[in-house]
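Breakdown of the fold
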Amino acid sequence: MMKEISITIDGRQVTAAAGSTILAVAKRENIHIPHLCHESRLEPFGACRICIVEVKGARGLQPDCHTAIKEGMEIVTDSENLREHRKFLLELLLSDHPHDCMTCDANTSCKLQTYAYEYGIDLNRYGGETHPFEKVDDINKLIERDPAKCILCGRCVRICDEVVGARAIDFVNRGFKANISAPYNVSLLDTTCELCGQCVSTCPTGALTEKMAKGKGWEADFKKVRTTCPYCGVGCVFDLNVDRNGKIVKVTSEVGSVPNNGNLCVKGRFSYDFVQHPDRLKKPMIKKNGKHVEVEWDEAIAFVADKLTAIKEKYGPDSLGFVSSCRSTNEANYVMQKLARAVFGTNNIDQCARTCHAPTVAGLAMAFGSGAMTNSISEISNVDLAFVIGSNPTEAHPVIGMEMKKAMRNGAQVIVCDPRKTWMAKHADLHLPVQPGSDVPLMNAMMNVIITEDLHDKEFVENRTEDFAELKDMVLRWTPERAAEICKVPADDIRKAARMYARADKAAIFYTLGLTEHICGTDNVRSTANLALLTGHIGRESTGVNPLRGQNNVQGGCDMGAGPTGYHGYQKLSDPAAVEKFSKAYGVALPTNIGYTITDMVEKAAEGELKALYIMGEDHLMSEPNIKQVEKAFENLELLIVQDIFFCETAPMADVVLPAASFAEKDGTFTNSERRVQRIRKAIEPIGESRPDWEIVCDIAKQTGYDKMNYQSASEVWDEIAELSPIFKGISYERIEKVGLQWPCFDKDHCGTKFLHEGSFTRGKGKFHALDYRPPAEEPDADYPFYLTTGRILYHYNVGTMTLRSVGSAQKVPECFCEISTADAEKLGLKNGDEVKVTTRRGELIVKASVGDRVKEGRLWMPFHFPKTPANLLTNDAFDNITRTAEYKVCSARISKP
């Protein structure tokens, strides 16, 4: 803690931490000081000099953003002298600035305009010409640049460098010709720009604006509705800006918002146009005579309820399957599992965590007793070491990536374990480009080094863990040299990684699907837990094991009991007390057998045992592995129900298609990766006759005669969720109105839990697991000599349903591609941009080649976002032995000219 010192500011005596700037103290005391170049997300710059103040005894006026307070300092922030100096500086800025405020897109939100009014500037008393610059003719569809309105505050340059790390723009030229530009004034599309719009968010004038919002009104005219981003699991908070016609015209985020501090990625800021896309489903449809026909809601609801009831009565409740959605709200997921269990008597309920993070829930629960991110996003910037394994945060979780970049600027070391050379890998202190599927040998060898070199935390192991002897016996067999043969990384690098991780005071592990989507996915997760337990890097701030969840509410989908093994709040079917509790609450005797996972449902449909499937917000003919087999399985169903916002790839097979409202058209909650329950709010009316998911599900329940789902609002659903689960007991809509709370939150006085396992684990003691290597189900051979891995890119999300309907993302990356090393491309006579055929034992696709150094020889990588070239046509339907999550990250393939 910094020492508190006493100062006087505008005659007021206050105390503040030594080293604080005058500006920081003034803000805390609600003293307004104008500033143009300062922004709290950025390092002090001191260029505009508008923030000058008087300091007794100092030589001249001092910039408050740069000047640190000292004991006894006397400060004046407003005087006639200061106002004259500030007015003079503003007049100079305005002397060559366009005076088109009435037609400028920044009108009412421009800080220069605000200060000109505040300081009474109405004429250009210096004469002269305005800047000679014209608007940059940039073909990108998102960001407009008007250098004539630039005041050279540098905020855009600095946020692109300091926060985003893209360094796509900079100052060019000098004097009157000075301006901000991309290299050689090329389009932002041809630079390292990520099109995130962070530059727009910090620009204090109209020099940078959003093309999609152009001509749709001024910011002061918009209604701002605070909600949560519908993309990845970071849970960024932002405001939907709605015009007088009830249309979303742009997205803004307030600096200081939790967890993103006003930062957004390209998807969060710009990919909202899917909401109002003409492709949106607007009415229910029933397939009649082989064609989908629009019908009224009453007919659709009755059809679904009657058909499901009839199939249940004919074949039994386990002939039905229900798939919930991690893109929808907690409330929708909760009522979907309640529909399955209480109304139709089956535990055959699952959601897309089966595709991605089911091994996280299982593996961390086995080790710690709780299957969730142990620490908070705000702690990332303070880590001493980040071990990033099987994760590409700068693309899959960009705002968390920004926090990691901040940690790097703060001096943190970074180890990246990834087969590809990602941004993080390029900038890491150590990159381990492991062979796909070899994570367990790598971590076993790291633990071998930690134990043999006496680097483990003996006190922590003794007092807070169990089964250390079994772990030690296993990992001592895994020398770095033995692991190196399998992992294809040098043994000395394994030793270096082990020493770096063990010796750091605050080391944190971050992972995503590069660990979980393997036949050994749960083993991989338990290996990360082993590492943390062995070194004591858990139960403290800026440490832990941190799975970064891939979808906006995949944490919530798991939390809400939308899975075959338990109720919400991780209350298990194997616990008779839990079964009794929920049977009483739901008013029916609930089933006790373990239900089917999504992958089970596909197999059972193929075998003819599953007769009906109700899918909410998922697209299985894009997201499941080996999708040809999925399609064949679905052909066996007697009833397929698809509930979505678009007519997705699975919808043509559906007997009923139900139009759902998007995140912008309903109330509810999402739970982000750090266990934070956050509000989403209705900003516009539902498109057409679409309806919130929870309402549709409840109407189906009521149609069957079930009377315990008569909720009047989403908040009423949440109240039942909180009432029936101890970890949510203290969370209410009222308490999360401004900032979400992190579970567990046990009562109304509990402030939520920033990090887990302080002092003890949920299961008591942390459990080590002795794990051996299990190779991938499919490895390269003479016919298929390459490893093929799939994953996500920055500009798109999951199966492309939303981002491919967003003009900016679709422009930046319009089609699928396959990464191949330069050496392999030369051997095969391939050039960058050539069409290539990628083939596995399950199918083939023709895509563009992306030749470079991101993948090593013998490896290929493809994104999975594109319906016209679905990567999951190629992936292997082999599954994790515990969770049944598919091995999307490894299969064998070949690549050739078409």
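Cut-off values and rules
Residues numbered from 1 in each chain as written. Predicted model: local features only at pLDDT ≥ 70, side-chain atom pairs only at ≥ 80, totals over all residues. Heavy atoms only, no water. Helix = DSSP H or I, 4+ residues; strand = E, 2+ residues; numbered from the N terminus. Rg over C-alpha atoms; globule rule 2.2 N^0.38 Å. Contact = heavy atoms within 4.5 Å. Phe/Tyr/Trp six-rings, centres within 6.5 Å; stacked < 30°, edge-to-face > 60°. Buried < 20%, exposed > 50% of the residue type's maximum accessible area, 1.4 Å probe, protein only. Lys NZ or Arg CZ within 6 Å of the ring centre and 35° of its normal. Pairing = 2+ DSSP bridges. Axes fitted to C-alpha atoms, helices over the stretch in contact; angles between N-to-C directions. Arc of directions from axis to C-beta. Patch = residues over 30% accessible without salt bridge, like charges linked within 9 Å, V, L, I, M, F, W, Y side chains within 5 Å. Areas by Shrake-Rupley, 256 points an atom, 1.4 Å probe, with all protein chains shown as cover. Salt bridge = Lys/Arg side-chain N within 4 Å of Asp/Glu carboxyl O. Lys, Arg positive; Asp, Glu negative; His and termini not counted. Charge placed at Lys NZ, Arg CZ, Asp CG, Glu CD. Polar contact = N/O pair within 3.5 Å; in protein donor to acceptor, adjacent residues only side chain to side chain. Disulfide = S-S within 2.5 Å. Parallel < 35°, antiparallel > 145°, perpendicular 65-115°, else oblique. Left-handed = near helix turned anticlockwise from the far one by under 90°.

**Describing the overall build of the protein chain**
- A tally of helices and strands in the protein chain yields 28 helices and 39 strands.
- Computed over C-alpha atoms, the radius of gyration of the protein chain comes to 28 Å, within 12% of the 29 Å expected from 2.2 N^0.38 for 898 residues, which places it in the range of a compact globule.
- If you line up the protein chain on its principal axes, its C-alpha atoms span 85 × 70 × 65 Å.
- When contacts within the protein chain are restricted to residue pairs at least 6 apart in sequence, long-range pairs at least 24 apart make up 73% of them.

**Some points on the packing of aromatic side chains**
- In total, this model carries 18 aromatic pairs according to the counting rule given.
- Between the aromatic rings of Phe-322 and Phe-344, the centroid separation amounts to 5.8 Å while the plane-to-plane angle is 25°, which identifies the pairing as stacked. Residue Phe-322 is located in strand β15 (residues 320-323), and its partner Phe-344 is located in the loop between α8 (330-343) and β16 (349-350); the two are separated by 22 residues in the primary sequence.
- Relative accessible area serves as the criterion here: at 0%, Phe-322 is assigned to the buried category.
- On the basis of relative accessibility, which here comes to 1%, the residue Phe-344 falls in the buried class.
- Stacked on the ring of Tyr-315, the Lys or Arg Lys-611 has its end atom at 4.9 Å from the ring centre.

**Topic: the sheet that holds strand β11 (residues 237-242)**
- Taken together, the three strands give an open sheet; going across it, the order is β10-β11-β12, and neighbouring strands pair in antiparallel fashion. This sheet does not close on itself; its edge strands, each paired only once, are β10 (223-228) and β12 (248-252). Taken over all neighbouring pairs, the strand axes of this sheet differ in orientation by 30° on average, direction set aside.
- Sheet topology note: the β10/β11 ladder contains six bridges and is antiparallel. Counterpart to Thr-228 in the pairing with β11 is Val-237.

**Details of the sheet that holds strand β1 (residues 4-9)**
- The strand order across the open sheet built from five strands is β2-β1-β5-β3-β4, with neighbouring strands paired in mixed fashion. Both outer strands of the open sheet, β2 (12-17) and β4 (62-63), are each paired with one neighbouring strand and no more.
- Together, β3 (52-55) and β5 (74-76) form the strand contacts of helix α2 (residues 80-95), whose direction differs from that of β3 by roughly 150°.

**A few points about helix α3 (residues 111-118)**
- Buried within α3 we find Leu-112, Tyr-115 and Ala-116. Taken end-on, α3 shows its buried residues confined to a sector of 105°, consistent with a single buried face.
- For α3, the secondary structure elements touched by its buried residues are α2.
- Gly-120 lies just past α3 and shows a positive phi near 70°.

**Here we look at a negative patch on the surface**
- Judged by side-chain charge, Asp-10, Asp-78, Glu-80, Glu-84 and Glu-118 come together as a negatively charged surface patch.
- If you trace the backbone, Asp-10 turns up in the loop between β1 and β2.

**A word on helix α24 (residues 627-635)**
- Here α24 has its buried residues at Ile-627, Val-630, Ala-633 and Phe-634. Down the axis of α24, the smallest arc covering the buried residues is 110°, so these residues share one side.
- Where the residues of α24 are buried, they touch α22 (598-607), β25 (612-616), α23 (620-623) and β26 (639-644).

**Overview of the pattern of salt bridges**
- Per the stated rule, a full pass over the model turns up 59 salt bridges.
- A salt bridge links Arg-167 to Asp-161; the nearest nitrogen and oxygen atoms lie 2.9 Å apart.
- Classification of Asp-161 by relative accessible area gives partly exposed; the value is 33%.
- Between Glu-219 and Lys-250 there is a salt bridge; the shortest N-O distance is 3.0 Å. Within this pair, whereas Glu-219 is found in the loop between β9 (208-210) and β10, its partner Lys-250 is found in strand β12, the two being separated by 31 residues in sequence.
- A network of salt bridges, in which partner residues are shared, links Asp-105, Lys-135, Glu-144 and Lys-214.

**Some words on the side chain of Glu-403**
- As for its placement among the helices and strands, Glu-403 is situated in helix α11 (residues 398-409).
- It is Lys-406 that comes nearest to the buried, bridge-free Glu-403 among opposite-charge side chains, at 4.9 Å.
- Filtering out sequence-adjacent residues up to four positions away, Glu-403 remains in contact with Ile-377, Ile-380 and Ser-381.

**Overview of the pairing of strand β29 (residues 676-680)**
- Counting buried positions over the five residues of β29 gives five, a clear majority of the element.
- Residues Arg-676, Gln-678 and Ile-680 of β29 are buried on one face, and the alternating residues Val-677 and Arg-679, pointing to the opposite face, are buried as well.
- The pairing of strand β28 (residues 668-671) with β29 spans four bridges and is classified as antiparallel. Across the sheet, the residue bridging to Thr-669 is Arg-679, located in β29.
- Here β28 folds back onto β29, and the loop between the two strands holds four residues, one of which, Arg-675, carries a positive phi near 75°.

**Some words on the side chain of Ser-253**
- Mapped onto the elements of the fold, Ser-253 is located in the loop between β12 and α6 (266-270).
- One polar contact links Ser-253 to Asn-260, side chain to side chain, over a distance of 3.0 Å.
- Apart from residues no more than four positions distant in its own chain, Ser-253 is found in contact with Val-237, Phe-238, Asn-260, Gly-262 and Leu-264.

**Section: the state of the cysteines**
- By the definition in use, this model includes zero disulfides.
- Cysteine Cys-487 remains unbridged, with the sulfur of Cys-417 as its closest cysteine sulfur at 7.5 Å.
- Residue classification places Cys-487 among the buried positions, given a relative accessible area of 0%.
- Here Cys-648 stays free of any disulfide, with the sulfur of Cys-352 as its closest cysteine sulfur at 14 Å.
- Under the relative-accessibility criterion, Cys-648 is labelled buried at 5%.

**Let's talk about the packing of helix α16 (residues 480-487) against helix α17 (residues 491-503)**
- For the pair α16 and α17, interaxial distance at closest approach is 8 Å and the crossing angle is 115°. Classified by the angle their axes make, α16 and α17 are roughly perpendicular. Judged by the twist between their axes, the crossing of α16 over α17 is right-handed. For the pair α16 and α17, contact is made by Pro-480, Glu-481, Ala-483 and Ala-484 and by Ala-491, Ile-494 and Arg-495, respectively.

**Notes on the environment of Pro-775**
- By the secondary structure assignment, Pro-775 is in the loop between β31 (766-767) and β32 (786-791).
- Residues Pro-775 and Leu-94, spaced 681 residues apart in sequence, show a C-alpha to C-alpha distance of 67 Å.

Such coordinate-based values are descriptive only and should not be taken to indicate function.
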